[in-house]
Amino acid sequence: METVVIIGNGISGVTAARHIRKLSDKRIIVVSAESEYFFSRTALMYVYMGHMKFEHTQPYENWFWKKNRIELVQGYVNRVDHENKQLILKDSDPINYDKLIIATGSKPNRFGWPGQDLKGVQGLYSKQELEQLEIDAPDSEACSRAVIVGGGLIGIELAEMLRSRDIPVTFLVRESSFWNGVLPEGESEMINEHIRDHHIDLRLSTNLVEILADEEGRAKAVVTDKGETIACNLVGLTAGVTPNITFLENSGIELGKGVRVNRYLETNIPDIYAIGDCAEQEKAIGNRRTVEAVWYTGRMMGETVAHSICGKRRKYNPGHWFNSAKFLDIEYQTYGWVFSDRNRREFEEHFHWRHDKEMICITMAFHSSDKKFLGINTFGIRMRHEMFDRWLTEGRTIDYVMEHLRDANFDPEFYGQYEQEIVDNYNSTFGTNIKPKKKSWKRIFKSA
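Everything numeric in this text was worked out from a predicted model, so none of it was measured.

Draft legend 1. Summary view of the overall build of the chain. Regarding its fold elements, the chain presents 12 helices and 25 strands. On C-alpha atoms alone, the chain measures out to a radius of gyration of 24 Å, which is about the 22 Å that the 2.2 N^0.38 rule sets for 448 residues. Considered along the principal axes of its C-alpha atoms, the chain spans approximately 70 × 60 × 40 Å. Burial status across the chain gives 52% buried among its 448 residues. If you take every contact in the chain between residues at least 6 apart in sequence, the share linking residues at least 24 apart comes to 62%. Approximately 20,900 Å² of the chain is accessible, and the part contributed by carbon and sulfur atoms is 46%.

Draft legend 2. Quick look at the pattern of salt bridges. With the rule as written, the count across this model stands at 26 salt bridges. Note that D25 and R69 form a salt bridge whose closest N and O atoms lie 2.7 Å from each other. Note that D25 is positioned in the loop between α1 (11-23) and β2 (27-32) and R69 in the loop between α3 (63-67) and β3 (70-74), a separation of 44 residues in sequence. Note that E131 is salt-bridged to K127, the shortest N-O span being 2.6 Å. Residue E131 and its partner K127 are located together in helix α4 (residues 127-136), separated by 4 residues, close to a single helical turn. Sharing partners across several salt bridges, the network here consists of E2, K26, K85, K99 and D271.

Draft legend 3. Quick look at the environment of S308. Position of S308 among the secondary structure elements: in helix α7 (residues 295-309). Counting along the chain gives 42 residues from S308 to E266, while the straight-line C-alpha distance between them is 9.4 Å. Those residues within four positions of S308 in sequence are excluded, and the remaining contacts are Y264, R313 and R314. Polar side-chain contacts of S308 include one of 3.0 Å to the backbone nitrogen of R314.

Draft legend 4. Summary view of the pairing of strand β21 (residues 322-327). Summarising the sheet, β21 and strand β22 (residues 330-336) pair through 6 bridges and their orientation is antiparallel. Bridge assignment links N323 to a residue of β22, and that residue is T334. The antiparallel pairing of β21 with β22 creates a hairpin that spans 2 residues between the two strands, and L328 there sits at a positive phi of about 60 degrees.

Parameters at a glance
- Residues numbered from 1 in each chain as written.
- Predicted model: local features only at pLDDT ≥ 70, side-chain atom pairs only at ≥ 80, totals over all residues.
- Heavy atoms only, no water.
- Helix = DSSP H or I, 4+ residues; strand = E, 2+ residues; numbered from the N terminus.
- Rg over C-alpha atoms; globule rule 2.2 N^0.38 Å.
- Buried < 20%, exposed > 50% of the residue type's maximum accessible area, 1.4 Å probe, protein only.
- Contact = heavy atoms within 4.5 Å.
- Areas by Shrake-Rupley, 256 points an atom, 1.4 Å probe, with all protein chains shown as cover.
- Salt bridge = Lys/Arg side-chain N within 4 Å of Asp/Glu carboxyl O.
- Polar contact = N/O pair within 3.5 Å; in protein donor to acceptor, adjacent residues only side chain to side chain.
- Pairing = 2+ DSSP bridges.

Dropping the structure here:
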């Protein structure tokens, strides 16, 4: 019986295991040092906030793995010996494989800041980091202030978590506006306001210089490039993540930022694949980054590699870009490509609308010459993924999207509806006379 070994039990590795079992009778072994069972990493924040228990983050019951003949090994992989097709583990016997899938995910970036390894300094990625946060920041009495370094999605999640326990938070962001390397100016400015409305001390254009220690080797303050010293009990380092591939150095497996793979997710070594956050495409797919630390792409890669391993070799095809997140209590969705002002292409024109009272806005991108719709960002309005995916595939114009915008709204019927106001603003801005059509379920559910 052929043995498939998967390193990592995150969404990528577990999806691969599930689909290999659906397609074959191969022996499957999943190795992980982080946790015994797969859990939803994006739900960790809600455990700390008291919305759920850790066991609620596990999508599958504990009996699921044995029933589906997926062997779970809790251990740390020190080295991959591809010549002998073995994994060398830290504290247990080697594991032999016929096919190997590397799905080791990411780890928080550390940029060599003095004091970054002190007690009370951590990221927010693993189960162990969540457990450490419970120890270091159980309440505002034990943690009188936290400083978060890095203005991305993990940083704002950590800020929300700490504020849920009334812990004061100072947020150091090196950019001049929050996430303005990703978001257009209007959206970034709105998020700045929203962060401050939640009583978070947002410090823009500010960098960490050093973390100071007390006599017990714990973080007691940070020093910024503005010459300020900010007293704190906890420092959250959330300046992005990087592929978790250190153990593969000198293994013979080709590495770049991540494990280098082709469109079939194959490495340079036969029978070894890489998927998820740790995989790096040899060539970028469209406008996508070569490394994508995104939940749904990890899931897609897991399913893709399962088919290849089971004799149905399949090319990884992620389709149109999309993503979603939350900025405190504002829901964010993006479909297609809407670049920040910093990265905007010369032909890319934007239409931005913001509600005059609520924290709600959209930005649409389109081609300046033929008005071809390129993408949309939405904040505070839920949109139907299938509609934008279809319109992008069909190459629709922004005028068409505006005319049919009600078809894309996914908010419950008792929510506010803003399509007429958005279209009126678009007409006023661009001198058009578009009249939005009524929502049509026939159009919505027609075959793409």
